[in-house]
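# Fold and contact review
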Amino acid sequence: MGANSSSISELPENEYLQKLSGSEPISENDPFWNQLLSFSFTTPTNSADLKLLEEATISVCKSLVEKNPRTGNLGSLIKVFLSRTKELKISAECQNHLFIWQAHNALFIICCLLKVFISRMSEEELQLHFTYEEKAGPSSYGTECEDLIEELLCCLIQLIVEIPLLDITYSISLEAVTTLIVFLSCQLFHKEILRESIIHRYLMHGRCLPYTSRLVKTLLYNFIRQERSPPPGTHVFQQQTDGGGLLYGIASGVATGLWTVFTLGGVGSKASAQVEQCSPLASQSLLLLLVLANLTDTPDTPNPYRQAIMSFKNTQDNTAFSSSNPHAFQINFNSLYTALCDQQKSDQATLLLYMLLHQNSNVRTYVLARTDIENLVLPILEILYHVEERNSHHVYMALIILLILTEDDGFNRSIHEVILKNITWYAERVLTEISLGSLLILVVIRTIQYNMTRTRDKYLHTNCLAALANMSAQFRSLHQYAAQRIISLFSLLSKKHNKVLEQATQSLRGSLGSNDSPLPDYAQDLNVIEEVIRMMLEIINSCLTNSLHHNPNLVYALLYKRDLFEQFRTHPSFQDIMQNIDLVISFFSSRLEQAGAELSVERVLEIIKQGAVALPKDRLRKFPELKFKYVEEEQPEEFFIPYVWSLVYNSAVALYWNPRDIQLFTMDSG
């Protein structure tokens, strides 16, 4: 790696980069561009080399920032790139490797320079740098280019949506996606959410706007297809007998010095690559999609990318598009569903699933109608199960997805009909056979217990309990372990309630003799825990009143721990909800007493099943149905925009930003 690292550190001394950032204006027709762009470069992927590349680029940029107002060389480089992209589609069809290779290299240099420019200057200053003209003769690009930023942004979008994805175009497609992310990265360097941005305005208006639906569709298909990066070399030159080797000879003959076959990383350098980066293009496309979808609305324009995400339909849906949304399109929902099921290990894919379920009713209806819903739910449950290894945002998203799904009664019924075998990742107990519904209850209860002992996050509690409440009326054939865990959670809450009550009483006694120290707010703690206890009682009550005869294991667990409920019978906060639970306990207890002592578990369950049929339904008091609906916070962008950019910062392929420059979110380290 040492040789590569030293090569990067020598970049500022490279004669071509020195000329680009020097005081001489370079005409767009100058042979210099062929020399500058004839290098073979595998983008570095480890953070040490990316950091070196960044530092080397800063050195070149400082000189370019100073000289560009007089030379216009940044504009010239961009115009050279723009003129070459006009032929890209034909080049791809004709397998013109050299042409695509040089266009990619031009874009790679532009992206590296832009990243440093954006991190070090305002958007207004950046815009100014795009207006400086070169003073060395007529433009080969033509005079029709009025706004170079808009021209470049539009060209990048066209490149993504129009160039066919082949081995030889993979790198330039990836670079185009990366450059759009870099263009939008000004948000990283602001503490506040950007509501007015020059780049946002370009992307939401003017020449970029008509490409909205095609861009969203292409980025989604990139995510769906998960195309792997071609082996190093194949996307630049294939050694073919029909002259491929000659092309390579011409190209490397043009290049001199450091640029000659300048490779970083190489084939085996990425052994520890993350799962989601098996396909860099899919990973990067998803990040760009999330960034675009979370741009803020302007006073006069709603975000068109979000509109496109909210309204796209299945390719099998033949209904007419609404005229109110010009950005609607169709996509294969079956392929999308499969990709979403396969990719849930990453935050990004979970966030995309959340957005689609929450915002696109077509996707939500399709997902809820799937007969293999376990393929989607199991990866989500696994995220929650490994709560201590996940960041809190990923856990929130997984939980909210479950809450959205449990709003649907059909989902709540069907999950108890799906029987799973051998859940290997569930370590507390061997589960050889369990319904998806019972497993879901187990994982949500485990999350509540984890939260009670560790994070104590009220928001997490509320969403967990809301999901259980939504399901409770449809609980069916609960696994005995799931029934036990429901009652165990109630037991834990009961002990916690008694402990806080005791602390409050002692604190009150102690405070009578001393006026100096302020009292801890035990009243508030007590209030919170009583809210949670009430919710648990409502969940148990909802199951008993709606599906008592379907859940003998829950009645068994209730009877086994009946003493737990004694203290709450007369408690003013729980008296009403305790009536039914008390009645069920009394009714089944008397039947068991009549049956005699020393009953086996099987016999007890048999008596419970018989009793469930005999218990008159009208004896149980009806309560309003427990139903909770997920509603986004009032300013969701305050949560989602920093979250999305933290994912870009941590997961983007071959992008490095100095942690000291980041303003949008606090860095955990560095």
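Residues numbered from 1 in each chain as written. Predicted model: local features only at pLDDT ≥ 70, side-chain atom pairs only at ≥ 80, totals over all residues. Heavy atoms only, no water.

### Here we look at the overall build of the protein
- Scanning the protein from terminus to terminus reveals 29 helices and four strands.
- By the burial criterion, 55% of the 670 residues in the protein qualify as buried.
- Within the protein, contacts between residues separated by at least 24 positions form 76% of all contacts whose residues are at least 6 apart in sequence.
- Per element, the accessible surface of the protein, about 29500 Å² overall, is 50% carbon and sulfur. (Helix = DSSP H or I, 4+ residues; strand = E, 2+ residues; numbered from the N terminus. Buried < 20%, exposed > 50% of the residue type's maximum accessible area, 1.4 Å probe, protein only. Contact = heavy atoms within 4.5 Å. Areas by Shrake-Rupley, 256 points an atom, 1.4 Å probe, with all protein chains shown as cover.)

### A short note on the side chain of Ser-173
- Along the chain, Ser-173 falls in helix H10 (residues 170-184).
- Owing to a relative accessible area of 7%, Ser-173 belongs among the buried residues under this scheme.
- Excluding its chain neighbours within four sequence positions, the residues that come into contact with Ser-173 are Leu-159, Ile-160, Leu-165 and Leu-281.

### Re the packing of helix H22 (residues 436-453) against helix H23 (residues 458-472)
- As a packed pair, H22 and H23 sit with axes 10 Å apart at the nearest point and diverge in direction by 155 degrees. Between H22 and H23, the crossing angle belongs to the class labelled roughly antiparallel. For H22 against H23, the interelement crossing comes out left-handed. Residue-level contacts link Leu-440, Ile-441, Val-444, Ile-445, Thr-447, Ile-448, Asn-451 and Met-452 of H22 to Leu-460, His-461, Cys-464, Leu-465, Leu-468 and Met-471 of H23.
- For the contact of H22 with H23, the per-class residue count stands at 11 nonpolar, three polar and no charged. (Axes fitted to C-alpha atoms, helices over the stretch in contact; angles between N-to-C directions. Parallel < 35°, antiparallel > 145°, perpendicular 65-115°, else oblique. Left-handed = near helix turned anticlockwise from the far one by under 90°. Nonpolar A, V, L, I, M, F, W, Y, C, P; charged D, E, K, R; others polar.)

### Re the confidence of the model for the protein
- For the protein, mean pLDDT is 86; residues scoring 70 or higher make up 88% of the total.
- Overall, residues 1-6 carries pLDDT values under 50, and its contacts beyond four positions in sequence, including any with other chains, amount to eight contacts.
- Contacts from residues 136-144, a stretch scored under 50 in pLDDT, to residues over four places away or in other chains number 15 contacts. (pLDDT = per-residue confidence, 0-100.)

### Some words on the nonpolar core
- Counting 226 residues, the largest nonpolar core has Leu-439 and Phe-565 as its most contacted members.
- Setting aside its immediate chain neighbours within four residues, Leu-439 contacts Leu-378, Leu-381, Leu-420, Ile-423, Trp-425, Tyr-426, Leu-431 and Ile-434. (Core = buried A, V, L, I, M, F, W, Y, C linked by side-chain atoms within 4.5 Å.)

### Brief notes about the environment of Thr-505
- Inspection of the secondary structure assignment puts Thr-505 in helix H24 (residues 480-512).
- The spatial distance from the C-alpha of Thr-505 to the C-alpha of Tyr-522 is 9.2 Å, given a sequence separation of 17 residues.
- At a separation of 2.7 Å, a polar atom in the side chain of Thr-505 contacts the main-chain carbonyl oxygen of Leu-501. (Polar contact = N/O pair within 3.5 Å; in protein donor to acceptor, adjacent residues only side chain to side chain.)

### Thoughts on the pattern of salt bridges
- Following the criterion strictly, the structure yields 18 salt bridges and no others.
- Notably, a salt bridge pairs Arg-306 with Asp-297, separated by 3.1 Å at the nearest N-O pair.
- Assessed through its relative accessible area of 39%, Asp-297 is described here as partly exposed.
- With its nearest N and O atoms 2.9 Å apart, the salt bridge here joins Arg-534 to Asp-576. With Arg-534 in helix H25 (residues 522-547) and Asp-576 in helix H27 (residues 575-595), the pair connects residues that are 42 residues apart, well separated along the chain.
- Take Arg-534: its relative accessible area is 22%, and that puts it in the partly exposed class.
- Put simply, Arg-195, Glu-637 and Glu-638 are held in one network by salt bridges that share partners. (Salt bridge = Lys/Arg side-chain N within 4 Å of Asp/Glu carboxyl O.)

### Describing the environment of Leu-153
- Among the structural elements, Leu-153 can be located in helix H9 (residues 148-162).
- Excluding anything up to four places from it in sequence, Leu-153 contacts Leu-180, Phe-183, Ile-199, Tyr-202, Leu-203 and Cys-208.

### A look at the packing of aromatic side chains
- In total, this model carries 21 aromatic pairs according to the counting rule given.
- Considering the side-chain rings of Tyr-16 and Phe-32, the 6.2 Å spacing of their centres and the 50 degrees angle between planes classify their relative orientation as tilted. One end of the pair, Tyr-16, is in helix H2 (residues 15-20); the other, Phe-32, is in helix H3 (residues 32-36), and 16 residues separate them in sequence. Grouping residues by exposure puts Tyr-16 and Phe-32 together as buried.
- Grouping aromatic residues by their ring pairs yields a cluster made of Phe-312, Phe-329, Phe-333, Tyr-337 and Tyr-366.
- Its end group placed over the ring of Trp-657, Lys-115 keeps NZ or CZ at 5.8 Å from the ring centre.
- The ring of Tyr-385 is capped by Arg-446, whose NZ or CZ atom sits 3.9 Å from the centre of that ring. (Phe/Tyr/Trp six-rings, centres within 6.5 Å; stacked < 30°, edge-to-face > 60°. Lys NZ or Arg CZ within 6 Å of the ring centre and 35° of its normal.)

### Section: the environment of Ser-573
- With respect to the element layout, Ser-573 can be found in the loop between helix H26 (552-560) and H27.
- The class of Ser-573 is partly exposed, set by a relative accessible area of 32%.
- For the pair formed by Ser-573 and Arg-534, sequence separation is 39 residues and the distance between their alpha carbons is 7.7 Å.
- Among residues more than four places away in sequence, those in contact with Ser-573 are Glu-530 and Arg-534.

### What to know about unusual backbone geometry
- Within the chain, Ser-477 stands out as a residue other than glycine whose phi angle is a positive 45 degrees.
- Structurally, Ser-477 is set in the loop between H23 and H24.
- On the accessibility criterion, Ser-477 (54% relative accessible area) is exposed.
- Of note, the phi angle at Ala-654 is positive, near 55 degrees, even though the residue is not glycine.

### Structural notes on the packing of helix H15 (residues 304-311) against helix H17 (residues 347-359)
- Running from amino to carboxyl end, H15 crosses H17 at an angle of 75 degrees, the nearest separation of the two axes being 8 Å. The pairing of H15 with H17 is recorded here as roughly perpendicular in orientation. Along its contact with H15, which presents Arg-306, Ile-309 and Met-310, the element H17 presents Met-355, Leu-356 and Gln-359.
- Within the contact of H15 with H17, the residues separate by chemical class into four nonpolar, one polar and one charged.

### A closer look at the side chain of Glu-530
- Its place among the elements puts Glu-530 in helix H25.
- The residues contacting Glu-530, other than those within four sequence positions of it, are His-497, His-571, Ser-573 and Phe-574.

### So, the state of the cysteines
- All told, the structure shown has zero disulfides when counted by the stated rule.
- A disulfide-free cysteine, Cys-61 has its sulfur positioned 8.6 Å from the sulfur of Cys-112, the nearest such atom.
- Under the relative-accessibility criterion, Cys-61 is labelled buried at 2%. (Disulfide = S-S within 2.5 Å.)

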